[in-house]
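# Fold and contact review
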Amino acid sequence: MYWGTDMEGGQRCYFVGDWLIKEGREQEFQDVWTDFAQWTLEQKFADRAIELYQDVAEPRRFYALWDCGSDRSIEDWTRQTRYKEFVMRMRAFCERCTPTIAQPVREVRKP
């Protein structure tokens with residue numbers, strides 16, 4: 001894996017989501033999140049499969065991490081009206097919502 005710029009010359013970035021869902025709203029959140037992820041893939045704002053993870057110890061907590069491509073792609077993605085609509089729909093189920101964009105700084109591999 002490389003650090004720095006992607007093929008288009010922008011910084012390689014990742015979407016990182018951390019959501020704490022209101023009691024009893026977990027399935028509704030997952031359904032809306034699935035629609036959001038499908039739309040993201042259809043619009044080519046993600047390069048690979050998008051996965052949602054549920055915390056084993058705290059089942060109301062969900063995480064997501066996916067490669068969004070370049071910082072330019074992320075700017076285009078977050079400007080979309082559909083993106084903003086999905087974010088508002090998902091937040092209705094959340095006690096806490098902390099999505100962010102991150103960039104790689106280190107990688108350690110098995111020798």
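Residues numbered from 1 in each chain as written. Predicted model: local features only at pLDDT ≥ 70, side-chain atom pairs only at ≥ 80, totals over all residues. Heavy atoms only, no water.

### Regarding the pairing of strand β1 (residues 12–21)
Among the 10 residues of β1, nine are classified as buried, and the element is accordingly described as predominantly covered. Pairing analysis gives nine bridges linking β1 to strand β3 (residues 61–70), with the strands arranged antiparallel. Bridge pairing in β3 links Asp18 to Tyr63. Bridge analysis of β1 against strand β5 (residues 100–102) gives three bridges, and the strand direction is antiparallel. Bridge assignment links Val16 to a residue of β5, and that residue is Thr100. When β1 meets strand β4 (residues 94–97), the two strands line up antiparallel, connected through three bridges. (Buried < 20%, exposed > 50% of the residue type's maximum accessible area, 1.4 Å probe, protein only. Helix = DSSP H or I, 4+ residues; strand = E, 2+ residues; numbered from the N terminus. Pairing = 2+ DSSP bridges.)

### Focus: the confidence of the model for the protein chain
Averaged over the protein chain, the pLDDT score is 86; the fraction of residues at 70 or greater is 91%. Within the protein chain, strand β2 (residues 52–54) carries the highest mean pLDDT (97), whereas helix α2 (residues 71–79) carries the lowest (81). (pLDDT = per-residue confidence, 0-100.)

### Description of the nonpolar core
Trp19, Phe29, Trp33, Phe36, Trp66 and Trp77 are the most contacted members of the largest nonpolar core, which totals 25 residues. Those elements giving two or more residues to this core turn out to be β1, α1 (26–42), β3, α2 and α3 (81–91). It is α1 that provides the largest number of residues to this core, a total of six residues. Once residues within four sequence positions are removed from consideration, Trp19 is found in contact with Phe29, Trp33, Leu52, Arg60, Arg61, Phe62, Tyr63, Ala64, Cys94, Arg96 and Cys97. (Core = buried A, V, L, I, M, F, W, Y, C linked by side-chain atoms within 4.5 Å. Contact = heavy atoms within 4.5 Å.)

### Some thoughts on the packing of aromatic side chains
Two aromatic rings, taken as a pair, are described by how far apart their centres are and by the angle between their planes. For the structure on display, the rule yields 14 aromatic pairs. Geometrically, the ring pair formed by Trp39 and Phe86 is tilted, given 5.9 Å between the ring centres and 45° between the ring planes. On the criterion of sequence distance, the pair formed by Trp39 in helix α1 and Phe86 in helix α3 is long-range, its members being 47 residues apart. Residue classification places Phe86 among the buried residues on the basis of a relative accessible area of 1%. Members of the aromatic cluster, joined through ring pairs, are Phe15, Trp19, Phe29, Trp33, Phe36, Trp39, Phe45, Phe62, Trp66, Trp77, Tyr83 and Phe86. (Phe/Tyr/Trp six-rings, centres within 6.5 Å; stacked < 30°, edge-to-face > 60°.)

### A short note on α1
Between its terminal C-alpha atoms α1 stretches 24 Å, which fits the 24 Å expected from 17 residues at 1.5 Å a residue. Of all the positions in α1, only Glu26, Phe29, Val32, Trp33, Phe36, Ala37, Trp39 and Thr40 are classed as buried. Relative to the axis of α1, the buried residues are bounded by an arc of 160° and lie together on one face. Along its buried surface, α1 packs onto β1, β2, β3, α2, α3 and β4. Positive backbone phi, at 65°, marks Lys44, one or two positions downstream of α1. (Expected span 1.5 Å × (residues − 1). Arc of directions from axis to C-beta.)

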